[in-house]
Amino acid sequence: MSLCALPRRGIVPSISFAVSLVVSVGAALILAAPATADPRTVTVNTGSGDLNVRSAPSANSQKIGSVDDRARVVIVCYFRGEAFSGGPYRLTTNIWNRLDKGGYVTDAMLDTGSDDPVVPRCEGETPAPVAPARATGKKAQKNPADPGSPTWGALAKWFQVSGDQYYPALTGPPKDWGNSARAAGWTVAERPEPRSIVVFQPGIDRAPPPGHVAWVDTTASRRDGQYIGITEVHSNGDGLISWSSRRVKHSPGMTYILLP
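Computed from a prediction, not measured in an experiment: that's the story for all the values here. (Residues numbered from 1 in each chain as written. Predicted model: local features only at pLDDT ≥ 70, side-chain atom pairs only at ≥ 80, totals over all residues. Heavy atoms only, no water.)

Caption draft 1: Region of interest: the sheet that holds strand β13 (residues 225-235). Judged by pairing direction, the sheet is antiparallel, and its six strands sit side by side in the order β10-β15-β11-β12-β13-β14 without closing on themselves. Every other strand in the sheet has two partners, leaving β10 (188-189) and β14 (241-249) as the edge strands with one partner each. Sheet analysis places strand β12 (residues 212-222) next to β13, joined by seven bridges and oriented antiparallel. Directly across from W215, in β13, lies its bridge partner T231. (Pairing = 2+ DSSP bridges. Helix = DSSP H or I, 4+ residues; strand = E, 2+ residues; numbered from the N terminus.)

Given below as structure tokens:
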């Protein structure tokens, strides 16, 4: 049964006629059977705009690419993920199809000919965790940290990436910023997320007793774990502010305050 108000995926197969056999006098023309299309090859139909390719079966997961509207794509298996509503069919579905080149796209924006899956379920693999929703918490209009300190730098990057709009209202030493952010209404994650402030507990990555914070620009998965690309600030005591970037391996005890 269709899940939407409009006719679902109106695909009209093309029928090709071929001469298959000529027999005796007054030869008979036999129609060849309609060609059966590969059920994994489908057409993108967003109604307008490109189709986002996600890292996990969720609209909240990281965007890793896009596909042009009306393009042909190959889907290899499906997951039941986060419910998605939209597309030209005004469909609500939790089916997410994995592309042959990697990543997931919602079934709501594919012409598959069915409201049900048309490929096997993805077995023997686990999709990337769904990125948490990013809540907006209490804000501050000034950077309260000492210029040149790691806390000042992390807040300055937040302000810049937010479009020079605001800072998160955080209090206490860096090691307590995760709890302070939760209390202020911001989303705090336990795994790496870009566009966030990473909080290092004392001793992690040689963080001092008060802890350490930095801005997360990028995340990456490797065979030996998750890595983050960070920007941080150090002051050498002569009044000069030094910005630097480096890559750090994620480990337990690192938390992430997410910018919406």
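Caption draft 2: Quick look at helix α1 (residues 150-161). For α1, built from twelve residues, the straight-helix expectation of 16 Å at 1.5 Å per residue is met to within 8% by its first-to-last C-alpha distance of 17 Å. Regarding α1, the residues found buried are T151, W152, G153, A154, L155, A156, K157 and W158. Looking one or two residues past α1, G163 carries a phi angle of roughly 90°, positive in sign. (Expected span 1.5 Å × (residues − 1). Buried < 20%, exposed > 50% of the residue type's maximum accessible area, 1.4 Å probe, protein only.)

Caption draft 3: Broad picture of the side chain of N45. Along the chain, the position of N45 falls in the loop between β1 (41-44) and β2 (51-54). Of the polar contacts made by the side chain of N45, one reaches the backbone nitrogen of G47; its length is 3.4 Å. Polar side-chain contacts of N45 include one of 3.3 Å to the side chain of R70. Not counting chain neighbours up to four residues away, the residues in contact with N45 comprise D69, R70, P88, Y89, M109, L110 and D111. (Polar contact = N/O pair within 3.5 Å; in protein donor to acceptor, adjacent residues only side chain to side chain. Contact = heavy atoms within 4.5 Å.)

Caption draft 4: Fine view of the packing of aromatic side chains. By the definition in use, this model includes seven aromatic pairs. Ring centres of W152 and W243 lie 6.0 Å apart, and the angle between their planes is 50°; on these two criteria the pair is classed as tilted. Of this pair, W152 sits in helix α1 while W243 sits in strand β14, and the two are 91 residues apart along the sequence. An aromatic cluster of three or more residues is present, and its members are W158, Y166, W186 and W215. Above the face of the Y166 ring, K139 is positioned so that its terminal group lies 4.4 Å from the ring centre. When the ring centre of Y227 is taken as reference, the NZ or CZ atom of R222 above it lies at 4.5 Å. (Phe/Tyr/Trp six-rings, centres within 6.5 Å; stacked < 30°, edge-to-face > 60°. Lys NZ or Arg CZ within 6 Å of the ring centre and 35° of its normal.)

Caption draft 5: Examining the pattern of salt bridges more closely. With the rule as written, the count across this model stands at seven salt bridges. Between R191 and E193 there is a salt bridge, with its nearest N and O atoms 3.1 Å apart. Judged by relative accessible area, E193 falls into the buried class, the value being 7%. Note that E232 is salt-bridged to R246, the shortest N-O span being 2.4 Å. Of this pair, E232 sits in strand β13 while R246 sits in strand β14, and the two are 14 residues apart along the sequence. (Salt bridge = Lys/Arg side-chain N within 4 Å of Asp/Glu carboxyl O.)

Caption draft 6: A look at the environment of D116. One can find D116 in the loop between β7 (110-111) and β8 (139-140). Looking at D116, the relative accessible area reads 48%, which means it is partly exposed. The sequence separation of D116 and I95 amounts to 21 residues, and the corresponding C-alpha distance is 8.0 Å.

Caption draft 7: Summary view of the pairing of β1. Pairing analysis gives three bridges linking β1 to strand β4 (residues 72-86), with the strands arranged antiparallel. From the neighbouring strand, V42 faces β4, where its bridge partner is V73. Across two bridges, the pairing between β1 and β7 is antiparallel. Its bridge partner lying in β7, V44 is registered against L110.

Caption draft 8: Region of interest: the nonpolar core. By size, the foremost hydrophobic cluster in this structure holds 23 residues, and its most contacted members are V73, L99 and L110. Of all the secondary structure elements, the ones that give two or more residues to this core are β1, β2, β4, β5 (91-99) and β6 (104-106). When residues no more than four places from it in sequence are discounted, the contact partners of V73 are R40, T41, V42, V44, V67, L99 and L110. In this structure, A154, W158, W177 and V188 belong to the second largest nonpolar core, which totals 17 residues. (Core = buried A, V, L, I, M, F, W, Y, C linked by side-chain atoms within 4.5 Å.)

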